[in-house]
Amino acid sequence: MMANGCGPWLRAASMLTLAVLCGTAPARAADEAEAAAARGQAVTVLKATKACFPAIVDVSGFVIPRDEISVRPDRPGARVTDVLAEPGETVTQGQPLAKLAADAGGGTVQAPVAGLVSGSTAVIGSPASAKGEALFTIISRNEFDLVGQVPTRSLPQLAANQTATVKIVGMQEDIEGRVRRISPTVEPNSQLASVFVGLSSTKRLLANASGRAMIKTGESCGISVPLTAVLYSSAGTVVQVVRRQTIETKRVEVGLMNGGNIEIREGLQEGDVIVARAGALLREGDTVRPVVATAEPAAE
């Protein structure tokens, strides 16, 4: 009699227990997934962004005066009595550079152009002649070129008036430059052609100083990621993407590089979450714990 009375109660209790168990199963599964993710390797991630990359041709060479003027007296048999200018000085057109003895007609040697005195042989008492050694050498208008050589494959990218950023050894600041002319011929053995980059600077430049010109030949805009996010292997070039805390390996086509970043032409979209420092220890399907980068990592 008592067993029969307890039967409905027991059935109700069983149904309640089953409902509780069924209700907690999804929550338990979510908790287990979250715990699994928490146990995954922590990786630094960032979002792929859009950026423009300049196409650059590097030219290394030497600083050469564009036009040097030799200065001599216009009469024979003269003798220097006074030197009025020294190498390194900037002179104006018509400025006296040296005085000549009165027994040879006297007078002065004047600068035919404005510019920088790059050399002088003038010494008091030395002879001066219209056919002899030049008393002074002047770099006309203080104009210089960086003259370097580039391989023939780079020639189609170069054109007159392209802008350049120039670094000169011994100068802390970069100076501006512009392609002035490109040699119409190449050296047969090396297959290199000369490029003349005109320099624009109010600072004093030293002839024969070495330098490097980075000539901007164009621009390409696309997806940008740090160089450290790209892996190169026999299987191709890849970037590791994080989706739902899981690693996905994406094959990509890379383009130009600039400032520690590289252009991705195919394989990624803006906003994709990528591993900032991709590594061979991460594999397709690995569970990870993403940590958002506070700044883009520097290229190693």
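Quick caveat: nothing in here was measured; it's all calculated off a predicted structure.

Undergrad: What am I meant to see in the overall build of the chain here?
TA: Of the regular secondary structure elements, the chain holds one helix and 22 strands. Total accessible area computed for the chain in this model is approximately 17,600 Å², and 53% of it derives from carbon and sulfur atoms.

Undergrad: How should I be thinking about the sheet that holds strand β4 (residues 78-83) in this particular structure?
TA: An order of β7-β6-β4-β9 is seen for the four strands of this open sheet, with the pairing classed as antiparallel. The two strands at the open ends of the sheet, each matched to only one other strand, are β7 (108-110) and β9 (127-128). Taken together, the three bridges between strand β6 (residues 96-100) and β7 define a ladder with antiparallel strand orientation. Bridged to Lys 99 within β7 is Thr 108.

Undergrad: For this particular structure, what's the right way to read the side chain of Gln 240?
TA: Within the fold, Gln 240 resides in strand β17 (residues 236-243). A relative accessible area of 2% means that Gln 240 is categorised as buried. Within the structure, Gln 240 has its side chain in polar contact with the backbone oxygen of Gly 279 (distance 3.1 Å). For Gln 240, the side chain forms a polar contact with the main-chain oxygen of Leu 282, separated by 3.1 Å. Sequence-distant contacts of Gln 240, defined by excluding residues within four places in its chain, comprise Ala 229, Leu 231, Ile 247, Glu 248, Val 273, Ile 274, Val 275, Ala 278, Gly 279 and Leu 282.

Undergrad: Mind showing me how you'd approach unusual backbone geometry here?
TA: Excluding glycine, residues mostly carry a negative phi; peptide bonds, for their part, are mostly trans. With phi around 75°, Asn 208 is a residue other than glycine that occupies positive phi space. Along the polypeptide, Asn 208 turns up in the loop between β14 (192-200) and β15 (210-226). Residues other than glycine seldom take positive phi values, yet Gln 245 does so here, at roughly 60°. Relative to the helices and strands, Gln 245 is located in the loop between β17 and β18 (246-251).

Undergrad: Please explain the state of the cysteines as it appears in this structure.
TA: By definition, a disulfide links two cysteine residues through a covalent bond between their sulfur atoms. Scanning the entire structure with this criterion turns up one disulfide. Disulfide pairing places Cys 52 opposite Cys 221 at an S-S distance of 1.9 Å. Every disulfide takes its handedness from the sign of the S-S torsion; for Cys 52 and Cys 221 that torsion is 100°, giving right-handed. With Cys 52 in strand β2 (residues 49-65) and Cys 221 in strand β15, this pair connects stretches of sequence that are 169 residues apart.

Undergrad: Would you take a moment to explain the pattern of salt bridges for this structure?
TA: Opposite charge on two side chains permits pairing when their charged atoms draw close. Following the criterion strictly, the structure yields twelve salt bridges and no others. Linking Arg 180 and Asp 145 is a salt bridge whose minimum nitrogen-to-oxygen distance equals 2.5 Å. Placement of Arg 180 in strand β13 (residues 175-182) and of Asp 145 in strand β11 (residues 144-151) is noted, with a sequence separation of 35 residues between them. Of the residues examined, Asp 145 reaches a relative accessible area of 3% and is grouped as buried. Among the salt bridges present, the one from Lys 167 reaches Asp 174, with a minimum N-O distance of 3.1 Å. By relative accessible area, which is 36% here, Lys 167 ends up partly exposed. A cluster of three or more residues bridged by salt bridges with shared partners is formed by Arg 66, Arg 141, Glu 143, Asp 145 and Arg 180.

Undergrad: Would you mind showing me how to read the environment of Pro 65 here?
TA: Secondary-structure assignment places Pro 65 in strand β2. It is 9.0 Å that separates the C-alpha atoms of Pro 65 and Leu 206, two residues lying 141 residues apart in sequence. Other than its neighbours up to four places away in sequence, Pro 65 contacts Ile 139, Glu 143, Phe 144 and Ala 207.

Undergrad: It is not clear to me how the nonpolar core should be interpreted in this structure. Could you clarify?
TA: In summary, soluble globular proteins display a tendency toward joint burial of nonpolar side chains. With 21 residues, the main nonpolar core has Val 166, Val 197, Leu 199, Ala 213 and Ile 215 as its most contacted residues. Secondary structure elements with two or more residues in this core: β2, β11, β12 (163-168), β13, β14 and β15. In this view, Val 197 contacts Phe 144, Asp 145, Leu 146, Ala 164, Val 166, Gly 177, Arg 178, Val 179, Arg 180, Ala 213 and Ile 215; residues no more than four positions away in its chain are not counted. One finds Val 80, Ala 85, Val 109 and Ala 122 within the second-largest nonpolar core, a separate group that totals 16 residues.

Undergrad: What exactly am I supposed to notice about the sheet that holds strand β5 (residues 90-91) here?
TA: Judged by pairing direction, the sheet is antiparallel, and its four strands sit side by side in the order β3-β10-β8-β5 without closing on themselves. For this open sheet the edge positions go to β3 (68-71) and β5, each flanked by a neighbour on one side alone. Pairing of strand β8 (residues 115-120) with strand β10 (residues 136-140), which is carried by five bridges, proceeds in the antiparallel orientation. Residue pairing across strands places Ser 120 opposite Phe 136, the latter belonging to β10.

Undergrad: Honestly, the pairing of β4 in this entry has me stumped. Any pointers?
TA: Across two bridges, the pairing between β4 and β9 is antiparallel. Within β9, the residue paired with Ala 78 across the bridge is Ala 128. In the sheet, β4 pairs with β6 via three bridges, with the strands oriented antiparallel. Looking across to β6, one finds that Val 80 is bridged to Leu 100.

Each value, and the rule that gives it
Residues numbered from 1 in each chain as written. Predicted model: local features only at pLDDT ≥ 70, side-chain atom pairs only at ≥ 80, totals over all residues. Heavy atoms only, no water. Helix = DSSP H or I, 4+ residues; strand = E, 2+ residues; numbered from the N terminus. Areas by Shrake-Rupley, 256 points an atom, 1.4 Å probe, with all protein chains shown as cover. Pairing = 2+ DSSP bridges. Buried < 20%, exposed > 50% of the residue type's maximum accessible area, 1.4 Å probe, protein only. Polar contact = N/O pair within 3.5 Å; in protein donor to acceptor, adjacent residues only side chain to side chain. Contact = heavy atoms within 4.5 Å. Disulfide = S-S within 2.5 Å. Salt bridge = Lys/Arg side-chain N within 4 Å of Asp/Glu carboxyl O. Core = buried A, V, L, I, M, F, W, Y, C linked by side-chain atoms within 4.5 Å.

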